[in-house]
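Here is what each chain is made of, one letter per residue.
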Amino acid sequence: MLQRNQISPPVDLRNRPAELPSLAETFDAFVTYLLRQYWVILGTAGLCLFGGICYLMTAAPSYTALATMIIDTRKFQAFQQQSSANELPVDSSAVESQVEILKSENVALAVIRDLKLNEDPEFIGSRAGAAGAVLDFVSGLLTGSAPPTEFDRTRRAVRVFQKQLDVRRRGMTYVIEVSFRSLDPERAARIANAVADAYIVDQLDSKYQATRRASVWLQDRIQELRTQASNAERAVLDYKKTNNIVTSSGKLLNEQQLGELNTQLVHVKSQVTDAKAKLDRIEAVVKSGVPDATVADTLNNQVITKLRSQYLELANREADWSSRYGYNHLAAVNLRNQMREIQSSIIDELKRLAESYKSDYAIAQQRQNEIERAVNDSVSQSQSTNQAQVTLRELESSAQTYRSLYDNFLQRYMENVQQQSFPVSEARVITRASRPLSKSHPQTLVVLALSALGGLIAGLGLGVLRDLYDRVFRTAEMVETILDADCVAIVPRVSPGQLKAPAVGRPPLPVGPRTIQRGDEPVLWAAIDAPFSRFSEAIRSIKVNADLNVTKPSKILGLTSALPNEGKSTLAFVFAQLVAQSGARVLLVDCDLRNPSLSRKVAANAERGILDVLSNNATLQETLWRDPETGLAFLPGATRSRIAHSHEVLASDQMKDFIDGARSQYDYVIVDFPPLTPVVDVRITAHFVDSFVFIVEWGKTQVQVVERALRSARAVNENLLGVVLNKADIAAMSRYSGYGGKNYYYNSHYGRYGYTE
């Protein structure tokens, strides 16, 4: 017997932190996706390309003619001051608005009427091409065969016309492109030019109609304003007459009189002040009795001037004589007496002047009083006139407003009359459409390219959907990622044609009462007959993983699956054979008491089985079957009738005692359990099984089924040695692998002996 070496387990790669895939891995994944779904992608692309070819063969060719026009922002000099003074500049929004006008139904109806397109079969007749014929047939079935009316023909012509018309702005310029697509190249050019002409005519007509309507409205409004202005001016005149308001040079007469009186009053007050000052001065002089004091008016008085001259002359002589003959000299005394007489005469003359000043002062005061009374009278009259002026100003303001409105509307009316005689359009054609030389639709290369590209995109999408809904296990990475368990082996599918017949001439094997014989299923002996095949290597990897599991013993191995028919029993027998061939003592037990399929294949004639051993009706040695080639011991699960409570048998103490006894007698005890989903037997076997090997059929068993089965059997999941992907298509696996070197173990150089793929 080969001794098992205690080998350290490899590093668990599943516990490493997730890393982003490299560029090479991403590229490999994309390549494998293409290899996996290439027939879907190519098939979809081929169908779409075939559809494009059919469309090109059945579609009627059409031609597109192009005319260009410009929205000219420059105005004619003759109308710059008349029609364009209040117009807004043409901006981007205005150009886009003109584009929509070109697409409008009014322009379409104008062209249809001018060219009589409502009688053209292209616009009201059958659709072109095979597809159009089908649509016409279906439309005829739905709408009936009644002849269309004039209105129906026009509406259909409008729909077809607007569908084939294309109007767009060229970049950010003021240039507009008008293109029309038709089955006839001549008709396409004629309609494109007609659209441009109809648009210009529509613009001119719209401006003419707008100007005409504005002129009519302005004319009515001018008449109304003329009447209102006349009534307002007449009301002003009547009010002035009623309130006796007279104006001169734009001012009221009482205001002018009041101004003049104020001027006179100021002047008189100045005269009164001057007269009072003169009177006060001369009275002061007279009162002081000083003859040589002067007043301003005395300088012009000849009497006083003459007396003053005499007085000064006598004063000089008196001073001279007094100095010569003494002060008391008779001549000096006579001179002084004469001086006193002259001084008295001066005083008398001053008194006369004072009386004159007093008279002037009294006259000035009287004049001032009269002017003040006149001013008061004028102010009283002005106050009453000012109260009437408030209403007068309102009437004048209303009259002036109506007059301004009348003049303004009259000016605008004259401008509209001039513009109506010669309307101006900002649009003009810069290039007229000409007959196209080649068809514009359908474009062969574009249709084929779009068909192929659309087919490839649709194929890629269908492939992604197929991958998304392909919820089965395909690779070991899927097993490790989804189930968080090791994928211990990938067992390839072996077809009957791949099996190799036993060597001719080898000695016959002994035959006993409980000897396992080769039957109708040669796959059970595939690992023995071809020890160097991929199939055998995959089975050996199960034993290697069991031997490397040093965390707990893996002497009692249980094999189970989620669903029946996943190859669990076959793998159990082949695995037990391969381990026994290495020299180990191996016991294979069929514990699928509900459906002992392995017993029917290997020991069909067995009359006693594990139930007899557990019930002590037979010993183990009396029940075992032997494989003469490998020495494998097999305990069948033969039952005489179906057992309803098979899980109680597996959970019994007798079962545990039996396994404990087998543990001491055999190196490996391999137990074939029933599947997890149909029955519950496996869930209560963890007390005597060291590790479980979970079998999943490659490309068939659904992921959710396996996940639900392992969740329901928590004991199995906790003691899981690993998962085996059974019946794998090795050639197809390369289309699901993420990198090229994944299947190096299954390279043909390792499988050239024995069975080949």
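Just so it is clear, the structure is predicted and the values come from calculations on it, not from any experiment. (Residues numbered from 1 in each chain as written. Predicted model: local features only at pLDDT ≥ 70, side-chain atom pairs only at ≥ 80, totals over all residues. Heavy atoms only, no water.)

Turning next to the overall build of the protein. On a plain count of helices and strands, the protein comes out with 23 helices and 14 strands. Taking the intrachain contacts of the protein between residues at least 6 apart in sequence as the baseline, contacts between residues at least 24 apart amount to 82%. Total accessible area on the protein is roughly 42,600 Å²; 54% of this is exposed by carbon and sulfur atoms. (Helix = DSSP H or I, 4+ residues; strand = E, 2+ residues; numbered from the N terminus. Contact = heavy atoms within 4.5 Å. Areas by Shrake-Rupley, 256 points an atom, 1.4 Å probe, with all protein chains shown as cover.)

In this section: the packing of aromatic side chains. For the coordinates displayed, the defined rule picks out five aromatic pairs. Residues Phe 673 and Phe 688 carry aromatic rings whose centres are separated by 6.3 Å and whose planes lie at 50 degrees to one another, so their mutual orientation is tilted. Here Phe 673, found in the loop between strand S12 (668-672) and strand S13 (691-697), pairs with Phe 688, found in the loop between S12 and S13; they are 15 residues apart in sequence, far enough to count as distant. Exposure remark for Phe 673: the relative accessible area of 0% places this residue in the buried category. (Phe/Tyr/Trp six-rings, centres within 6.5 Å; stacked < 30°, edge-to-face > 60°. Buried < 20%, exposed > 50% of the residue type's maximum accessible area, 1.4 Å probe, protein only.)

Within the fold, Ser 541 resides in helix H14 (residues 534-548). Not counting residues up to four positions away in its chain, the partners in contact with Ser 541 are Val 488 and Ala 489.

Before going further, it helps to spend a moment on the pattern of salt bridges. Opposite charge on two side chains permits pairing when their charged atoms draw close. Applying the stated criterion to the full structure yields 24 salt bridges. Here Arg 187 ties to Asp 120 by a salt bridge, and the two come within 2.9 Å at their closest N and O atoms. With Arg 187 in helix H7 (residues 185-242) and Asp 120 in the loop between helix H3 (105-115) and helix H4 (121-124), this pair connects stretches of sequence that are 67 residues apart. A single burial state applies to Arg 187 and to Asp 120, both of which are buried. Where Arg 336 meets Glu 318, a salt bridge forms, and the shortest distance between an N and an O atom there is 2.5 Å. Linking Arg 336 in helix H10 (residues 330-421) with Glu 318 in helix H9 (residues 302-325), this pair joins segments that are 18 residues apart in sequence. For the pair formed by Arg 336 and Glu 318, the shared burial category is buried. Here the salt bridges share partners, and the residues they tie into one network are Asp 120, Glu 122 and Arg 187. (Salt bridge = Lys/Arg side-chain N within 4 Å of Asp/Glu carboxyl O.)

Mean pLDDT for the protein: 79, with 80% of residues reaching 70 or above. Long-range and interchain partners of residues 1-11, a stretch whose pLDDT sits below 50, account for 13 contacts in this model, where long-range means more than four residues apart. Taken as a whole, residues 739-746 scores under 50 in pLDDT and shows 17 contacts with residues more than four places along the chain or in a different chain. (pLDDT = per-residue confidence, 0-100.)

Once that is clear, we can look at the sheet that holds S12. The eight strands lie next to each other as S7-S14-S13-S8-S12-S9-S11-S10, forming an open sheet whose pairing is mixed. Two strands close off the open sheet at either side, each with one partner strand: strand S7 (487-492) and strand S10 (625-626). As paired elements, strand S8 (residues 556-561) and S13 share five bridges and run parallel to each other. The partner of Leu 559 across the bridge, within S13, is Val 693. (Pairing = 2+ DSSP bridges.)

This next bit is on the environment of Thr 173. Summarising the element assignment, Thr 173 is placed in the loop between strand S2 (165-169) and strand S3 (175-182). Thr 173 sits 82 residues away from Asp 91 along the chain, and the two C-alpha atoms are 10.0 Å apart.

Bringing unusual backbone geometry into the picture now. Of the consecutive residues His 441 and Pro 442, the connecting peptide bond is found in the cis state with omega at -10 degrees. Along the chain, the position of Pro 442 falls in the loop between strand S6 (427-431) and helix H11 (444-469). Residues other than glycine seldom take positive phi values, yet Asn 565 does so here, at roughly 65 degrees. Despite not being glycine, Asn 616 shows a phi value in the positive range, around 65 degrees. Tracing the sequence through the fold places Asn 616 in the loop between helix H17 (610-614) and helix H18 (620-623).

Let's shift gears to the sheet that holds S3. An order of S2-S3-S1-S6 is seen for the four strands of this open sheet, with the pairing classed as antiparallel. The sheet is open, and its two borders are formed by S2 and S6, each paired with just one other strand. Strand-to-strand, the axes of this sheet are offset by a mean angle of 30 degrees, without reference to chain direction. Pairing of S2 with S3, which is carried by five bridges, proceeds in the antiparallel orientation. Along S3, the bridge assignment pairs Arg 168 with Glu 177. Docked against the sheet, H7 engages strand S1 (63-71), S2, S3 and S6, running at close to 20 degrees with respect to S1. (Axes fitted to C-alpha atoms, helices over the stretch in contact; angles between N-to-C directions.)

At 3.6 residues per turn, the α-helix brings residues three or four places apart onto the same side. For H7, with 58 residues, the first-to-last C-alpha span of 85 Å sits near the 86 Å given by 1.5 Å per residue. Where H7 begins, the capping side chain belongs to Asp 184, and its oxygen is found 3.3 Å from the backbone nitrogen of Glu 186. (Expected span 1.5 Å × (residues − 1). Polar contact = N/O pair within 3.5 Å; in protein donor to acceptor, adjacent residues only side chain to side chain.)

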